[in-house]
Structure formats: structure tokens, C-alpha cells
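One-letter residues, chain by chain:
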Amino acid sequence: MPVQPSDETGAGQPSDATGTGLGRQPYDATGTGLVRTPSGVLVPAGIDPFHRTLHHVAPSGLIGRTSQTSGMTRVEAISGKTVGARNLWMGQTHVAASTASGDHHHGASETAIYVVSGHPVFVFLDVEDDEPVEHRIETGPGDYVFVPPFVPHREENPDPDTEAVVVIARTTQEAIVVNLDGLDWSGVELR
């Protein structure tokens, strides 16, 4: 049986099973859709305490244990694991000099890429003409690239001396990476 709070702060309300309070829904004693925080501020009742604060991830907090593709290294910054994100994944990808990644796609996730350093090339198969044609997008620092869901592609770094670094944001909580044998869409399964 749920514990009813003794006041509008939600005191006495049970936390989630993990004891973290992440699943806790504040009690709305005001009937206005707002709850009073311990500091006295009124906030929307549906937002749990964990999602009412900013979260900082320093470079030392990046996680390397994420989905990988040959020829590149991804590190995770913002995700469900690191900050409790529900609908976003963000991190960095490093492509060594004179390297090409394997062909891959990111499932149903939309991906936005910001080029931090180097001159990476993004390669995909343009299938909108009479014949499929491999298309190359050459980029440099400050450029952005959008990768739609399920589009097979690869990253290349033709520079013989300089690593390419990009920041990636995806519309899924975790990094989805489906490695493929080619860019031709034959390995793409919509799920």
C-alpha cells in the first residue's frame, strides 16, 4: 500500500525499488499539477527529482564501453547510463589518420554529427537515381552532418597525420550500431 505524504513536499512517499528515487513521482497536494520541492520551489508534478537538475560529464567521465565499429572509437558522454537520459545519446567518435570505419547504420535513431577536428569523409550509397552511386561528403571543423535512420554509411579519415574527432548526438537513449558487410542496404532490417 502506498505511503501518503504528510505535506505537499512529498515527504514520506516511497522511493523506487533501487532506492535512488529515480522512479519517484512527487505528490501533488496542491491540485494544480505542481509540487513543492524541499527548497520551496513549485515544479511540475510529473518530473522526478533526478530530472530537475543539470548533469555535468567531464572528459574523464566518458565511457569507452559502447557499441563499436572497426576503424573508429566511440566514447559515451550523455546517455541513460551516464546521466539518466531517456531519449538522447551523445558522445565522441575518433577516427585515426588514414583509416576508414566499417560500414554500419544506427537503426531507427536519427544521428547528428558535429566535426570538431580533422577532415572526416562520410560515405553512403545514393540510391535515388537510375543507378546507385557511392557519394562522399567531405567535411572540416565546424561542419554538421545529418544521418537519417537506417542509412548505411561509413566514416573515413584520409589525412595521413591527423586524427578526426566528431561529436555525435542520437535520438535514442543508447548508441545503436549495426555493423554491415556493405553500403547496399541488403543488411538493413527495419525494426
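Residues numbered from 1 in each chain as written. Predicted model: local features only at pLDDT ≥ 70, side-chain atom pairs only at ≥ 80, totals over all residues. Heavy atoms only, no water.

## Overview of the packing of aromatic side chains
Inference 1: Counted under the stated rule, the structure contains 1 aromatic pair.
Inference 2: Ring plane angle 50 degrees and centroid distance 4.9 Å describe the contact between Tyr114 and Tyr144, whose orientation is recorded as tilted. Taken as a pair, Tyr114 in strand 7 (residues 111–117) and Tyr144 in strand 10 (residues 144–147) lie far apart in primary sequence, 30 residues in all.
Inference 3: Residue classification places Tyr114 among the partly exposed residues on the basis of a relative accessible area of 32%.
Inference 4: Lying over the aromatic face of Trp89, Arg170 brings its terminal NZ or CZ to 5.0 Å of the ring centre. (Phe/Tyr/Trp six-rings, centres within 6.5 Å; stacked < 30°, edge-to-face > 60°. Helix = DSSP H or I, 4+ residues; strand = E, 2+ residues; numbered from the N terminus. Buried < 20%, exposed > 50% of the residue type's maximum accessible area, 1.4 Å probe, protein only. Lys NZ or Arg CZ within 6 Å of the ring centre and 35° of its normal.)

## Considering the side chain of Asp103
Inference 1: In this structure, Asp103 sits in the loop between strand 5 (99–100) and strand 6 (104–105).
Inference 2: Residues in contact with Asp103, not counting those within four places in the same chain, are His153, Arg154, Val178, Asn179, Leu180, Asp181, Gly182 and Leu183. (Contact = heavy atoms within 4.5 Å.)

## Quick notes on the pairing of strand 11 (residues 153–157)
Inference 1: The buried fraction of strand 11 is high, at 5 of 5 residues.
Inference 2: On strand 11, burial covers both faces: His153, Glu155 and Asn157 on one face and Arg154 and Glu156 on the other are all buried.
Inference 3: Direction of pairing for strand 5 relative to strand 11: antiparallel, over a ladder of 2 bridges. When the sheet's bridge partners are listed, Thr99 is paired in strand 11 with Asn157.
Inference 4: Relative to strand 11, strand 8 (residues 121–126) runs antiparallel, the two sharing 4 bridges. Its bridge partner lying in strand 11, Val123 is registered against Arg154. (Pairing = 2+ DSSP bridges.)

## Let's talk about unusual backbone geometry
Inference 1: One non-glycine residue with positive phi stands out, namely Ser98, at about 55 degrees.
Inference 2: Examined against the element boundaries, Ser98 turns out to sit in the loop between strand 4 (89–95) and strand 5.
Inference 3: A relative accessible area of 52% means that Ser98 is categorised as exposed.
Inference 4: For Phe150, which is not glycine, the phi dihedral falls at a positive 70 degrees.
Inference 5: Looking at the element boundaries, Phe150 is found in the loop between strand 10 and strand 11.
Inference 6: Phe150 gets classed as buried once you look at its relative accessible area, which sits at 13%.

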